[in-house]
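Geometric and topological summary
The primary structure of each chain is shown beneath.
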Amino acid sequence: MTRHGKNCTAGAVYTYHEKRKDTAASGYGTQSVRLGKDAIKDFDCCCLSLQPCRDPVVTEDGYLYEKEAILQYILHQKTEIAKKMKAYEKQKQALKSEGQLESKSEERERAEKFKQRENNIVSKPINPFTSGKTKDDGSQNGSASSSSSDTSAGESSSSSALPSFWIPSLTPEAKPTMLKKPSKTVLCPMSGCPLKMSDLISVRFTPLDPSLDRVALLTRQDRYVCAVTKDTLGNSVPSAVLRPSGAVVTMECVEKLIRKDMIDPVTGDKLKEKDIIPLQRGGTGFAGSGVDLKAKEARPVMQA
């Protein structure tokens, strides 16, 4: 392709670059953009606030959170679950009362039908001099009452709020939305697995320079090191959290040193396989980091 090949519009072929350019300008079609290093959080940042953690905790899946942020999230989810459960119980009671009313109405209909059958068996003498008048008067009164009832019903129906026909849920054929029973389990916002407060593990990062305060430490590019080998930690360095001590070590240290004896080098406690939690880290901007670095925006598609 020549130097100005992308801007050439005199060609007979609709090029791939022209197609992508027109798609982006039209507002239709899914767009995908490769993320850079600036769009990826650091390994020591909270997955909710995206800020460096003051009091970090990690889940069993390796996602790092600020303790205050994740506790607020769990409490908020519990209140939302309680609201949904209350609405579900209210709907359940309403359905139960409707079922009882329907059963009572069926019993009344059966009783009325039985009374009509019993009354038809016994015939009463008819007075020929009064029966016609009563019928005529009854018909006139009935027509007047029916007309008045129809007018009153029409006025009441017209005065009542009409359904919005353009909203699908308010059409005459639409049925009321049924609520499903909500789950009482709080899920992790990143992994979607069940999450409890007791499952959170405190994390202790080893600072690169203990003499620096927090503000000076956050301004540095390299902030923390491995608790055993003193290697610098970063997004490009796979690391893990040891459950008994909460220390952060590199996976290289785990494979070469810790897995031989399965003993926590900080506290001396015996380790199990589940006590070594790989820490989920962000990408580095390179393809070899093993992290999906593509952002997609789903937009409507034009159909012919």
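Refer to the structure presented above.
Everything in this summary refers to the structure shown in the same document. (Residues numbered from 1 in each chain as written. Predicted model: local features only at pLDDT ≥ 70, side-chain atom pairs only at ≥ 80, totals over all residues. Heavy atoms only, no water.)

1. A short note on the overall build of the chain
As a reminder of what qualifies: Here a strand is any run of E in DSSP of at least two residues, a helix any run of H or I of at least four, and the numbering for each starts at the N terminus. Any pair of residues with heavy atoms lying within 4.5 Å of one another is described as a contacting pair. Reported accessibility uses the Shrake-Rupley method at a 1.4 Å probe radius. Residues are deemed covered only where the shown protein chains occlude them.
Tallying secondary structure elements over the chain gives 5 helices and 10 strands in all. Taking as baseline every contact in the chain between residues at least 6 positions apart, the subset at least 24 positions apart corresponds to 55%. Accessible surface for the chain amounts to roughly 22500 Å². Of this, 54% is attributable to carbon and sulfur atoms.

2. As for the packing of aromatic side chains
Just so we agree on the cut-off: Side-chain rings of Phe, Tyr and Trp, where Trp is taken by its six-membered ring, are said to pair if the distance between their centres is within 6.5 Å; with planes under 30 degrees apart they count as stacked, over 60 as edge-to-face, and otherwise as tilted. Summary of the burial criterion: residues with accessible area below 20% of their type's maximum are buried, those above 50% are exposed, and those between are partly exposed, where the area comes from a 1.4 Å probe applied to protein chains only.
Under the criterion given, the structure shown has 2 aromatic pairs. Ring plane angle 80° and centroid distance 5.9 Å describe the contact between Phe43 and Phe205, whose orientation is recorded as edge-to-face. Taken together, the positions of Phe43 in the loop between strand E1 (31-34) and strand E2 (56-58) and Phe205 in the loop between strand E4 (201-202) and strand E5 (206-207) put the pair 162 residues apart, joining distant regions of the chain. For the pair Phe43 and Phe205, a shared accessibility class is recorded, and that class is buried.

3. A few points about the sheet that holds strand E3 (residues 64-66)
For clarity, the threshold we go by: Only when DSSP finds a minimum of two bridges between them are two strands counted as paired.
Read from one edge of the open sheet, 3 strands run E3-E2-E4, paired in antiparallel fashion. What marks the edges here is a single partner per strand, and that holds for E3 and E4.

4. Quick notes on a positive patch on the surface
Using the following cut-off: Only residues whose relative accessible area exceeds 30% and that form no salt bridge enter a patch; like-charged residues are grouped when within 9 Å of one another, and nonpolar side chains (Val, Leu, Ile, Met, Phe, Trp, Tyr) when within 5 Å. Only one rule defines a salt bridge in this text: a Lys or Arg side-chain nitrogen within 4 Å of an Asp or Glu carboxyl oxygen. Lys and Arg are tallied as positive, Asp and Glu as negative. Neither His nor the chain termini are counted. The atoms used to mark charge sites are NZ of Lys, CZ of Arg, CG of Asp and CD of Glu.
There is a patch of like positive charges on the surface, built from Arg20, Arg34, Lys294 and Lys296. Here Arg34 shows up in strand E1. Judged by its relative accessible area of 47%, Arg34 falls in the partly exposed class.

5. Topic: the environment of Ile40
Considering the arrangement of structural elements, one finds Ile40 in the loop between E1 and E2. Given the relative accessible area of 15%, Ile40 is considered buried. For the pair Ile40 and Asn235, spaced 195 residues apart in the sequence, the C-alpha separation amounts to 9.5 Å.

6. Notes on the state of the cysteines
By definition, a disulfide links the sulfur atoms of two cysteine residues through a covalent bond. As a reminder of what qualifies: In what follows, a disulfide is any cysteine sulfur pair within 2.5 Å.
Applying the stated criterion to the full structure yields 0 disulfides. No disulfide involves Cys253; its sulfur sits 4.5 Å from the nearest other cysteine sulfur, which is in Cys226.

7. Considering the pairing of strand E7 (residues 239-242)
Covered by surrounding structure in E7 are Ser239 and Val241 together with Ala240 and Leu242, the residues of both alternating faces. Between E7 and strand E8 (residues 248-250), which pair antiparallel and follow one another directly, the connecting turn spans 5 residues, one of which, Gly246, has a positive phi of 75°.

8. Focus: the side chain of Asp264
Our working definition: Polar contact criterion, stated in full: a pair of N or O atoms within 3.5 Å, where within protein one must be able to donate a hydrogen and the other to accept it, and residues adjacent in sequence count only if both atoms are side-chain atoms.
Counting through the fold element by element, Asp264 comes out in the loop between helix H5 (251-261) and strand E9 (276-278). Despite its burial, Asp264 pairs with no opposite charge, the nearest such side chain being Arg204 at 7.3 Å. Within the local environment of Asp264, its side chain forms a polar contact with the backbone nitrogen of Val266, the two atoms lying 3.0 Å apart. Excluding its chain neighbours within four sequence positions, the residues that come into contact with Asp264 are Leu242, Pro244, Ser245, Asp269 and Leu271.

9. Description of a negative patch on the surface
Taken together, the side chains of Glu98, Glu102, Glu106, Glu107 and Glu109 present a region of like negative charge at the surface. One can find Glu106 in helix H2 (residues 67-121).

10. What to know about the pattern of salt bridges
Applying the stated rule across the entire model yields 6 salt bridges. Between Asp275 and Arg243 there is a salt bridge, with the nearest N and O atoms lying 3.1 Å from each other. Taken as a pair, Asp275 in the loop between H5 and E9 and Arg243 in the loop between E7 and E8 lie far apart in primary sequence, 32 residues in all. The exposure class assigned to Asp275 is buried, which follows from its relative accessible area of 8%.

11. Considerations on H5
Cut-off, in case you're wondering: What the arc measures is the spread of directions leading from the helix axis to the C-beta atoms.
Here H5 has its buried residues at Met251, Cys253, Val254 and Ile258. Buried residues in H5, looked at end-on, bunch into an arc of 115°, giving them a common side. On its buried face, H5 sits against E7, E8 and E9. After H5 finishes, the residue Met262 shows a positive phi value of roughly 55°.

12. Digging into the nonpolar core
Keep this limit in mind: To qualify as a nonpolar core, a set must consist of buried Ala, Val, Leu, Ile, Met, Phe, Trp, Tyr and Cys residues joined through side-chain atoms within 4.5 Å.
Among the nonpolar cores identified, the biggest contains 41 residues, and Tyr65, Ile70 and Val249 are the most heavily contacted of them. Of all the secondary structure elements, the ones that give two or more residues to this core are E2, E3, H2, E7, E8, H5 and E9. It is H2 that provides the largest number of residues to this core, a total of 5 residues.

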